[in-house]
Amino acid sequence: MESPGVKPPKASTSLQEFRNSFETVRKVTYMVGIDPFTMESDLNVRFFGSTMFMALIYVLCFYTGWELRDAEGYRILEMAMILVLNAQGTNKMWIGFVHKPRYCQLFQSSEQIYESFDGDARNRPILRNLVAKMNLLLKWIVIVYASSGVLIMVLVALYAIVAREKFLALTVMVPFVDHTSLTGYLIVYLTHMAMAAFCANGYLASDTAFIVTVVPIIAYANSLQNEIRNFNLLLQAPERDEALIAEKLLRICQLHQMIDEFEQEAIAHFKGGCLVQVALQAGTLLLTIFLAYICGYVQALSIFMALIFQLTQYCALGTIVTAKNDQMIHDIYEIGWHRLDKPQQQMVAFMLHRAQNAKELSVGGVAPLNLVTYVQIMKTTYSFLAMLITLFG
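Residues numbered from 1 in each chain as written. Predicted model: local features only at pLDDT ≥ 70, side-chain atom pairs only at ≥ 80, totals over all residues. Heavy atoms only, no water.

Enumeration over the complete set of coordinates arrives at zero disulfides. Cysteine C61 remains unbridged, with the sulfur of C199 as its closest cysteine sulfur at 11 Å. Take C199: its relative accessible area is 29%, and that puts it in the partly exposed class. (Disulfide = S-S within 2.5 Å. Buried < 20%, exposed > 50% of the residue type's maximum accessible area, 1.4 Å probe, protein only.)

Attention now goes to unusual backbone geometry. Positive phi, normally seen in glycine, also occurs at F176, with a value near 65°. Here F176 shows up in the loop between helix 6 (124-163) and helix 7 (182-214). (Helix = DSSP H or I, 4+ residues; strand = E, 2+ residues; numbered from the N terminus.)

Moving on to the environment of L275. Tracing the sequence through the fold places L275 in helix 9 (residues 242-293). Residue L275 is classed as partly exposed on the basis of its relative accessible area of 34%. Put simply, L275 and S362 are 87 residues apart on the chain and 7.9 Å apart in space, counted from C-alpha to C-alpha. Residues in contact with L275, not counting those within four places in the same chain, are V363, G364 and V366. (Contact = heavy atoms within 4.5 Å.)

Turning next to the packing of aromatic side chains. In total, this model carries 17 aromatic pairs according to the counting rule given. Ring centres 5.1 Å apart and planes at 65° place the aromatic pair F18 and F22 in the edge-to-face group. Of the two residues examined, F18 and F22, each falls in the buried class. Chaining the aromatic ring pairs together yields one cluster made of F18, F22, F37, Y103, F107, Y114, F210, F270 and Y314. The positively charged end of R69 is found above the aromatic ring belonging to W66, 4.0 Å away from the centroid. In this structure, K92 is placed above the aromatic ring of Y203, and the distance from its NZ or CZ to the ring centre is 5.1 Å. (Phe/Tyr/Trp six-rings, centres within 6.5 Å; stacked < 30°, edge-to-face > 60°. Lys NZ or Arg CZ within 6 Å of the ring centre and 35° of its normal.)

A few words now on the pattern of salt bridges. Per the stated rule, a full pass over the model turns up 10 salt bridges. The closest approach of N and O atoms between E227 and R251, which form a salt bridge, is 2.7 Å. Taken together, the residues span a long stretch of sequence, with E227 in helix 8 (residues 216-235) and R251 in helix 9 at a distance of 24 residues. Note that R240 and E242 form a salt bridge whose closest N and O atoms lie 2.9 Å from each other. (Salt bridge = Lys/Arg side-chain N within 4 Å of Asp/Glu carboxyl O.)

Quick look at the packing of helix 10 (residues 299-333) against helix 12 (residues 371-392) now. Their axes nearest at 8 Å, the elements helix 10 and helix 12 cross at an angle of 150°. Between helix 10 and helix 12, the crossing angle belongs to the class labelled roughly antiparallel. Each of I308, L311, T312, C315, A316 and T319 in helix 10 lies in contact with helix 12, whose residues at this interface are L371, Y374, I377 and M378. The class makeup of the residues in the contact of helix 10 with helix 12 is eight nonpolar, two polar and no charged. (Axes fitted to C-alpha atoms, helices over the stretch in contact; angles between N-to-C directions. Parallel < 35°, antiparallel > 145°, perpendicular 65-115°, else oblique. Nonpolar A, V, L, I, M, F, W, Y, C, P; charged D, E, K, R; others polar.)

As a further point, take the nonpolar core. One finds M81 and L369 to be the most contacted residues of the largest nonpolar core, which totals 103 residues. Residue contributions to this core peak at 15 residues, all from helix 9. Ignoring any residue separated from it by four or fewer positions in sequence, one finds M81 in contact with T284, L287, T288, L291, Y297, A300 and I303. (Core = buried A, V, L, I, M, F, W, Y, C linked by side-chain atoms within 4.5 Å.)

Among the structural elements, N232 can be located in helix 8. Take N232: its relative accessible area is 15%, and that puts it in the buried class. Non-local contacts of N232, meaning those with residues more than four positions away in its chain, are made with E334, I335 and G336.

So this is what it looks like as structure tokens:
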């Protein structure tokens, strides 16, 4: 893997295009201080700096809570929102650091599967199409996350200039700094800008790593489908090449085994992290709705948009992976097994059994990570909003 400071080579093959698609992940994880593409230690200045800044946010939040102990309750909730967002970031940082070897293994396994499919030129249009869509998704994520942070800071700056009021972007105070003075306000504002930039980059590092791990499964399932279609054409040929048929069937079995093992490793890797993340996201969504509707805390709307986008992408990708698993079951079932010898039929039966027992991405094993869970969360969010409108509308 190239270092973030080195421009990736121009893509000349499908495999090179796939490797270049990791560049966005490599850049944002580099800023955090974690390189999930190597097994080397991440005990560097950037990692310690990120860890210390995250700890500083906790300190500032607790200090703010102490300073606001006699203020109205909603001010504490404004601070709590930042605290929960930082807790999500801590969870992502912890997973990235502790489970870095598993991340690295997943990326290497994914590249190996991609290279195996890329060996057949008939699969390359499928693979290239996936890489193009994945790159587009990564760009949209960068835009959404960056715009959420920028929107808060820009609106606050404009309000402060127009209203000539020292309005805080976030309910987070800095010790020994009087934010009512011009100098103090600038220090606090710059601190909030740094927090927003750090948060956006940290979330990008985790979520883009999730995407480049999970999204390729779509291409692998589609490529396997293409392999099976070509294999069925061999079986229907007027003059059968038994040696070639045996070779292609073995290749299909090996490819499916590689996909299955990769999926199981990815599911185990994201299981705990998704539980903490989805739980905190659901709670934060309710908190942002309350602060925006009841307290008029407009900054919560920007955070609400980013959380909805993040939750949607996770649940949508989980649903797609489940759908692709179902597709592979159907495709394996469509193999012309009745045209095969008994040992070859047993290979197909074993492959079908393995496909039918494939697991799916989950929220810590408590609920599936799919659109069903997403709808349940949205229903809870809507019910909470309806209750607020009824009580305070």
